[in-house]
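Here's the letter readout for the chains.
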Amino acid sequence: MAKSTGKKAAAKKGAAKKVATKAAAPKKGAAKKAAAKSAAPKKGAAKKVATKAVAPKKGAAKKVATKAAAPKKAAAKKVAAKKAAFKSAAPKKLAVRSKPTVINDEALLQELFLDHLKDIYWAEKSLTKALPKMRKAATSPELQQIFEQHLTVTEGQIGRLEQVFELLGKKAQGKKCDAMEGLSKETESVISDTPKGSKTRDVGLIIAAQKVEHYEIASYGGLATLAAVMGMSEAKELLGQTLAEEKEADQLLTQLAESNINQEAAEEGEEGGSGESESEDDKSMDADEVGEGEETSKA
Ligand SMILES: [Fe+2]
């Protein structure tokens, strides 16, 4: 009895396994199909999503490009409009000048001429105080000589300016020149920032002096032209003489810079610099000594 009972139990177990296998098999297949079904639409959907996502971006990029191009076109139109306005405005300005206001313009021009005359008069007088300091601070004898000679030349130029004041029937008077005051401060900085006895200081002084010369060339050039326009031939001649002297001084400084001073200064730099630091005497070229107050009458 016990054996037959055991066989029956074994048969039951085997049947149960088969049932379990059958029941399990469709499930696996179904799971694959289900997975395939669920996966398939996802890929398609992803493509669609991707397509949708790409498509608007392209469209958006075009829109952005169109938007970016639009202001450029608008800006170009504005520029074109401004140019057209400028062209149309130019002849109008010329037309205004041709109106019969010549007498008033001449009075204004003479006032302007006198104003610039006072400016350069103040500048030249301040230079007569700066040049001895520059000569003392210079290292090379050639540069010292240029500064010394230009002091004498400058005194002659002041004399010519006084003649021009006289031609105008005006008292020789200076008006503070902000440009020359600034240039003098730069020269002062060159002296305090460079070692005494160095060629580096000379290079700095040459540049500072040439800045002064160029300011004077611009001033005398403008004044000489203005004198010619106003029919003041004698004043034009006097101012023209000074203009030539300023150009000559500028050329002398250029020649000196191109000779050997720049090279020597470069070698000085390679050696780590030379010379002593500046003395109190060298630093003393301040604005009070260079300048002469707001208004300066003929000395
Ligand atoms: Fe001068």
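Describing the overall build of the protein
- Across its full length, the protein carries 8 helices and 2 strands.
- Helices and strands appear in the protein in the N-to-C order α-α-α-β-α-α-α-α-α-β.
- Residue burial in the protein is summarised as follows: out of 299 residues, 29% are buried.
- A separation of at least 24 residues holds for 85% of the contacts in the protein among residues at least 6 apart in sequence.

Comments concerning the coordination of the iron ion
- All of the protein donors around the iron ion are Glu124 (OE), Glu124 (OE), Gln157 (OE1), Glu216 (OE) and Glu246 (OE); their distances to the metal are 2.0 to 2.6 Å.
- Along the chain, the residues that donate to the iron ion are spaced as E-x32-Q-x58-E-x29-E. With glutamine 157 in helix 3 (residues 141–167) and glutamate 216 in helix 5 (residues 199–229), this pair connects stretches of sequence that are 59 residues apart.

So, the nonpolar core
- Grouped together as the largest cluster of nonpolar side chains are 48 residues, with contacts concentrated most on Phe113, Leu117, Leu143, Phe147, Leu205 and Leu239.
- Of all the secondary-structure elements, those providing two or more residues to this core are helix 2 (102–137), helix 3, helix 4 (178–193), helix 5 and helix 6 (233–270).
- For this core, the element with the most residues is helix 2, which contributes 12 residues.
- Discounting chain neighbours no more than four positions away, the residues touching phenylalanine 113 are Val164, Leu168, Leu223, Leu226, Ala227, Met230, Met232 and Leu239.

Things to note about empty space enclosed by the protein
- By the definition in use, this model includes 2 cavities of 30 Å³ or more.
- Each pocket or cavity is described by its volume, and for the largest cavity that value is around 70 Å³.
- Taken together, Leu127, Leu131, Met134, Ile146, Phe147, His150, Ala209, Val212, Glu213, Ala249 and Leu253 form the lining of the largest cavity.
- Looking at the lining of the largest cavity, the elements with two or more residues in it are helix 2, helix 3, helix 5 and helix 6.

A few points about the packing of aromatic side chains
- According to the stated counting rule, one finds 1 aromatic pair in the structure shown.
- Between tyrosine 121 and phenylalanine 165 the ring centres are 5.4 Å apart and the planes differ by 75°, which places this aromatic pair in the edge-to-face class. Highlighted residues: tyrosine 121 in helix 2 and phenylalanine 165 in helix 3, separated in sequence by 44 residues. As far as the burial class goes, tyrosine 121 and phenylalanine 165 line up, both buried.

Remarks on the pattern of salt bridges
- Per the stated rule, a full pass over the model turns up 4 salt bridges.
- Between lysine 175 and aspartate 115 there is a salt bridge; the shortest N-O distance is 2.9 Å. Here lysine 175 is found in strand 1 (residues 173–175), whereas its partner aspartate 115 is found in helix 2, with 60 residues between them in sequence.
- Since its relative accessible area comes to 31%, lysine 175 is described here as partly exposed.
- Glutamate 186 is the partner of lysine 211 in a salt bridge, and the nearest nitrogen-oxygen pair spans 2.7 Å. With lysine 211 in helix 5 and glutamate 186 in helix 4, this pair connects stretches of sequence that are 25 residues apart.

With respect to the packing of helix 4 against helix 5
- At a closest axis distance of 9 Å, the pairing of helix 4 and helix 5 adopts a crossing angle of 175°. Our classification of the angle between helix 4 and helix 5 gives roughly antiparallel. Residues Ala179, Met180, Leu183, Glu186, Thr187, Val190 and Ile191 of helix 4 pack against Arg201, Gly204, Leu205, Ala208, Lys211, Val212, Tyr215 and Glu216 of helix 5.
- Looking at the contact of helix 4 with helix 5 residue by residue, the class counts come to 9 nonpolar, 2 polar and 4 charged.

Re the packing of helix 3 against helix 5
- The contact between helix 3 and helix 5 brings their axes to 13 Å, and the two run at 20°. Considering the angle they form, helix 3 stands roughly parallel to helix 5. For helix 3 against helix 5, the interelement crossing comes out left-handed. For the pair helix 3 and helix 5, the contacting residues are Leu143, Phe147, His150, Gln157 and Leu161 in the first and Asp202, Leu205, Ile206, Ala209, Glu213, Glu216 and Tyr220 in the second.
- Of the residues belonging to the contact of helix 3 with helix 5, the class tally is 7 nonpolar, 2 polar and 3 charged.

Focus: the confidence of the model for the protein
- Summary statistics for the protein give a mean pLDDT of 74 and a share of 58% for residues scoring 70 or more.
- Segment residues 1–69 is flagged for pLDDT under 50; beyond a separation of four residues in sequence, or across chains, it makes 2 contacts in the model.
- Scored below 50 in pLDDT, residues 273–294 shows 51 contacts in the model against residues more than four places distant or in partner chains.

Quick look at helix 5
- The end-to-end C-alpha distance of helix 5 is 45 Å, a good match for the 45 Å that 31 residues give at a rise of 1.5 Å each.
- Backbone geometry just after helix 5 places glycine 231 at a positive phi near 75°.

Rules of the game
- Residues numbered from 1 in each chain as written.
- Predicted model: local features only at pLDDT ≥ 70, side-chain atom pairs only at ≥ 80, totals over all residues.
- Heavy atoms only, no water.
- Helix = DSSP H or I, 4+ residues; strand = E, 2+ residues; numbered from the N terminus.
- Buried < 20%, exposed > 50% of the residue type's maximum accessible area, 1.4 Å probe, protein only.
- Contact = heavy atoms within 4.5 Å.
- Donors = N, O, S within 2.8 Å, 3.2 Å for Na, K, Ca; no water.
- Core = buried A, V, L, I, M, F, W, Y, C linked by side-chain atoms within 4.5 Å.
- 1 Å grid on protein atoms, 1.4 Å probe; cavity = no way out; pocket = protein on both sides within 12 Å on 5 of 7 lines; lining within 4 Å.
- Points joined across faces, edges and corners; volume = space filled by probe spheres on them.
- Phe/Tyr/Trp six-rings, centres within 6.5 Å; stacked < 30°, edge-to-face > 60°.
- Salt bridge = Lys/Arg side-chain N within 4 Å of Asp/Glu carboxyl O.
- Axes fitted to C-alpha atoms, helices over the stretch in contact; angles between N-to-C directions.
- Parallel < 35°, antiparallel > 145°, perpendicular 65-115°, else oblique.
- Nonpolar A, V, L, I, M, F, W, Y, C, P; charged D, E, K, R; others polar.
- Left-handed = near helix turned anticlockwise from the far one by under 90°.
- pLDDT = per-residue confidence, 0-100.
- Expected span 1.5 Å × (residues − 1).

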